[in-house]
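Here is how the chains run, residue by residue.
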Amino acid sequence: MHLEEAYAIHKLPKYSLKAKRKLEFFEKVYNEDIAFSVIRRGDKDITHSLENIIYNGLIFMRYELFLYDNNGKKIDFLAIKGGKEYLIAYSVAKDKAYEREIGAFTSLDNSRAKVLITNDEIDFSTSTVKHIKLKDFLLIDEL
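As the structure is a prediction and not an experimental result, all values here were calculated from the model.

Asks: Hey, could you run me through the packing of aromatic side chains in this one?
Replies: Note on aromatic pairs: each is described by the distance of the centres and the angle between the planes. Within this structure, the stated rule accounts for 1 aromatic pair. Across from the ring centre of tyrosine 63, 5.0 Å away, lies the NZ or CZ of lysine 81, which sits over that ring.

Here it is, written out as structure tokens:
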């Protein structure tokens, strides 16, 4: 609680598909400053750092964020702004991670835009998934 009041961390609620609302009892903690990840973990965990960078970028762009779970297939964020909804997944440059993230999108309809953010140079966009390179994500104002 004190860390939240000091703006060191932020708790992100999970979005419930069934209830169509956020769940107050399930939250994930994000660092407001990426340096806290290195201090806390004592190593360079690229996956955790990338998730925090994307979280902070979306907050900076003024998206309302929720955790999102597609029946056990984890999609990292549901981002909402201006009546538009985006399902966002991120992946590090590992084949299995990429397959897992794209696989989480496959059973979903196209009522929400699907975005994959990676630190890869290859464009992984499909007809239903927009791929954004991390370096480009850090420079944009809107998804």
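Asks: What am I meant to see in the pairing of strand E5 (residues 84–91) here?
Replies: If a strand is regular, its side chains alternate between the two faces of the sheet. Burial analysis of E5 places 6 of its 8 residues in the buried class, the great majority of the element. Pairing geometry for strand E4 (residues 73–81) and E5, over 5 bridges, is antiparallel. Across the sheet, residue leucine 78 finds its bridge partner in E5, namely leucine 87. Linking E4 back to E5 in an antiparallel pair, the connection comprises 2 residues, with glycine 82 at a positive phi of about 60 degrees.

Asks: Is there a simple way to explain the pattern of salt bridges in this structure?
Replies: Two side chains carrying opposite charge are able to pair once their charged atoms lie near each other. With the rule as written, the count across this model stands at 3 salt bridges. Across the pair arginine 112 and glutamate 85 runs a salt bridge whose closest N-O atoms are separated by 2.4 Å. Residue arginine 112 is located in the loop between helix H4 (95–106) and strand E6 (113–118), and its partner glutamate 85 is located in strand E5; the two are separated by 27 residues in the primary sequence. The residue glutamate 121 makes a salt bridge to lysine 135 at a minimum N-O spacing of 3.4 Å. With a gap of 14 residues between them, glutamate 121 in the loop between E6 and strand E7 (129–133) and lysine 135 in helix H5 (residues 134–137) connect regions that are remote in the sequence.

Asks: Help me understand the nonpolar core in this model?
Replies: Formed by 20 residues in total, the largest nonpolar core has its most connected members in Ile54, Leu58, Ile88 and Phe137. At 4 residues, the largest contribution of residues to this core is made by helix H3 (residues 46–60). With 14 residues, the next largest nonpolar core counts Ile80, Ile102, Leu116 and Phe124 among its residues.

Asks: Looking at this model, I keep getting lost on the pairing of E4. Mind explaining?
Replies: Sheet topology note: the strand E3 (residues 64–70)/E4 ladder contains 6 bridges and is antiparallel. Residue pairing for E4: tyrosine 68 is matched across the bridge by isoleucine 75. Between E3 and E4, which pair antiparallel in sequence order, lie 2 residues; one of them, asparagine 71, sits at a positive phi of approximately 50 degrees.

Asks: Can you walk me through the side chain of arginine 112 in this structure?
Replies: A residue is classified by how much of its surface remains accessible, and arginine 112, at 15% relative accessible area, is buried. There is a polar contact of 2.4 Å between the side chain of arginine 112 and the side chain of glutamate 85.

Asks: Teacher, can you tell me more about the side chain of lysine 114 here?
Replies: Secondary-structure assignment places lysine 114 in strand E6. There is no salt bridge for the buried lysine 114, and the closest opposite charge comes from aspartate 109, which lies 6.4 Å off by N-O distance. Engagement of the side chain of lysine 114 in a polar contact is seen with the side chain of asparagine 110, the distance being 3.0 Å. Lysine 114 has contacts with Leu87, Phe105, Leu108, Asp109, Thr128, Val129 and Lys130, leaving out every residue within four places of it along the chain.

Cut-off values and rules
- Residues numbered from 1 in each chain as written.
- Predicted model: local features only at pLDDT ≥ 70, side-chain atom pairs only at ≥ 80, totals over all residues.
- Heavy atoms only, no water.
- Phe/Tyr/Trp six-rings, centres within 6.5 Å; stacked < 30°, edge-to-face > 60°.
- Lys NZ or Arg CZ within 6 Å of the ring centre and 35° of its normal.
- Buried < 20%, exposed > 50% of the residue type's maximum accessible area, 1.4 Å probe, protein only.
- Helix = DSSP H or I, 4+ residues; strand = E, 2+ residues; numbered from the N terminus.
- Pairing = 2+ DSSP bridges.
- Salt bridge = Lys/Arg side-chain N within 4 Å of Asp/Glu carboxyl O.
- Core = buried A, V, L, I, M, F, W, Y, C linked by side-chain atoms within 4.5 Å.
- Polar contact = N/O pair within 3.5 Å; in protein donor to acceptor, adjacent residues only side chain to side chain.
- Lys, Arg positive; Asp, Glu negative; His and termini not counted.
- Contact = heavy atoms within 4.5 Å.

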